[in-house]
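Observations on the model geometry
One-letter residues, chain by chain:
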Amino acid sequence: YAAALAQLDLARNLAAEQRVGSHGTVRITLTSSFGRHVIMPLLGDFMRQHPSIQLDVNLEDRLSDMIRDGYDIGVRGGQEPDAGSFVIRKLASLQPMACASPAYLTERGEPQHPDELKQHNCILWRHPETARIVPWDFRVRGRSHSVNGKGPLICGDLDAIADMAVRSTGLAVIGSYRAAPLIKAGVLREVLAAFRPPARHFYIHYPNREFLAQRVRLLVDFLIEQLPQHQG
């Protein structure tokens, strides 16, 4: 019994020693909107817990060559990527929502089916990596139903798209992390809730090294622990 307690004390002391002894810089690349609204608000707690670790954060939607560009951690959304030389772990699954301002819906009416979007102003997202205008995918009778909307505005920045929807420019598909507070504030309303698009998944990438730097491991574990509440 005494030996077991001694081993437990040793393990605790080693863990504390690792936390205190961790120092240096962790370079992170985050997809811009999700990074800004979901990841960045969490980092203050991490920095308070680990004051000797400096975080160097880049917000961008273009994919980076993590090794060439010197990043320790990347967070990206979309389909699960090929792991290659990286460890890939899912962080969160978030719900895209079709939204518009109350003023826009009063003026133009509320669509009752995704096909009715052809008669509306759709604020479209151009993927910054592929330069493609991304179609809107809905679920109709349990199947994927793609809509190529049309509208006066195409933009490569998801936060700007949300801002323009608030300004009554048109309908937009917005991630729940961004849409929910705007809906709660009354400046947006969700439409086509019965046909919600499939969930969008976000993944954390980090190099598949046998001995990952302790400062990187601490941040990876922190994010994986913190993100489960951002589901749905």
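Calculation criteria
Residues numbered from 1 in each chain as written. Predicted model: local features only at pLDDT ≥ 70, side-chain atom pairs only at ≥ 80, totals over all residues. Heavy atoms only, no water. Pairing = 2+ DSSP bridges. Helix = DSSP H or I, 4+ residues; strand = E, 2+ residues; numbered from the N terminus. Right-handed = clockwise from strand over helix to strand, strands pointing away. Core = buried A, V, L, I, M, F, W, Y, C linked by side-chain atoms within 4.5 Å. Buried < 20%, exposed > 50% of the residue type's maximum accessible area, 1.4 Å probe, protein only. Contact = heavy atoms within 4.5 Å. Phe/Tyr/Trp six-rings, centres within 6.5 Å; stacked < 30°, edge-to-face > 60°. Axes fitted to C-alpha atoms, helices over the stretch in contact; angles between N-to-C directions. Parallel < 35°, antiparallel > 145°, perpendicular 65-115°, else oblique. Left-handed = near helix turned anticlockwise from the far one by under 90°. Nonpolar A, V, L, I, M, F, W, Y, C, P; charged D, E, K, R; others polar.

**Examining the pairing of strand S2 (residues 53–59)**
The side chains of a regular strand alternate, residue by residue, between the two faces of the sheet. Sheet topology places strand S1 (residues 24–30) next to S2; seven bridges connect them, and they run parallel. Across the sheet, the residue bridging to Gly24 is Ile53, located in S2. Following the chain from S1 across helix H2 (residues 32–49) to the adjacent parallel S2, one finds a crossover that is right-handed.

**Quick look at the nonpolar core**
Proteins that are soluble and globular tend to have nonpolar side chains buried together. In this structure, Phe34, Ile73, Leu219, Leu223 and Leu227 are the most contacted members of the largest nonpolar core, which totals 28 residues. Secondary-structure elements contributing two or more residues to this core are S1, H2, S2, strand S3 (73–77), strand S4 (86–94), strand S12 (200–207) and helix H7 (214–226). Those residues in contact with Ile73 that sit more than four places away from it in its chain are Val26, Arg27, Ile28, Thr29, Met66, Ile204, His205, Tyr206, Val216, Leu219 and Val220. Ranked by size, the runner-up nonpolar core spans 15 residues in total, among them Cys122, Phe138, Val140 and Leu171.

**Here's the deal with the packing of aromatic side chains**
Both the distance between ring centres and the angle between the ring planes are used here to describe each pair of aromatic rings. Under the defined criterion, the tally for this structure stands at three aromatic pairs. Aromatic side chains Phe34 and Tyr177 sit 5.8 Å apart centroid to centroid with 80° between the ring planes, which places their arrangement in the edge-to-face category. In this pair, Phe34 is assigned in helix H2 and Tyr177 in helix H6 (residues 176–184), connecting sequence segments 143 residues apart. Judged by its relative accessible area of 1%, Phe34 is buried. Overall, Tyr177 belongs to the buried group, its relative accessible area being 17%. Between the aromatic rings of Phe34 and Phe202, the centroid separation amounts to 3.9 Å while the plane-to-plane angle is 10°, which identifies the pairing as stacked. On the criterion of sequence distance, the pair formed by Phe34 in helix H2 and Phe202 in strand S12 is long-range, its members being 168 residues apart. One exposure class covers both Phe34 and Phe202, and it is buried.

**What about the pairing of S12?**
A large share of S12 lies buried, amounting to six of its eight residues. Note that S3 and S12 share four bridges and pair antiparallel. For Val75, the partnering residue across the bridge sits in S12 and is Ile204.

**Quick word on the packing of H2 against H7**
Between H2 and H7, the shortest axis-to-axis distance is 11 Å and the interhelical angle comes to 130°. Regarding the angle of H2 to H7, the classification is oblique. The handedness of the crossing between H2 and H7 is right-handed. Residue-level contacts link Ile39, Leu42, Leu43, Asp45, Phe46 and Gln49 of H2 to Arg215, Leu218, Leu219, Phe222, Leu223 and Gln226 of H7. A per-class count over the contact of H2 with H7 returns eight nonpolar, two polar and two charged.

**A few points about the sheet that holds S12**
Here five strands make up an open sheet; going across it, the order is S2-S1-S3-S12-S4 and the pairing mixed. Every interior strand has two partners, whereas the edge strands, S2 and S4, have only one. Taking each pair of neighbouring strands and ignoring which way they run, the sheet shows an average axis angle of 20°. In the sheet, S4 pairs with S12 via eight bridges, with the strands oriented antiparallel. Bridge pairing in S12 places Phe86 opposite Pro207.

**Things to note about H6**
Since the α-helix packs 3.6 residues into each turn, any two residues three or four apart lie on the same face. Within H6, the full set of buried residues consists of Ser176, Tyr177, Arg178, Ala179 and Leu182. Against the buried residues of H6 lie H2, S4, strand S5 (96–100), helix H5 (158–166) and strand S10 (172–175).

That is the geometry; function is a separate question.
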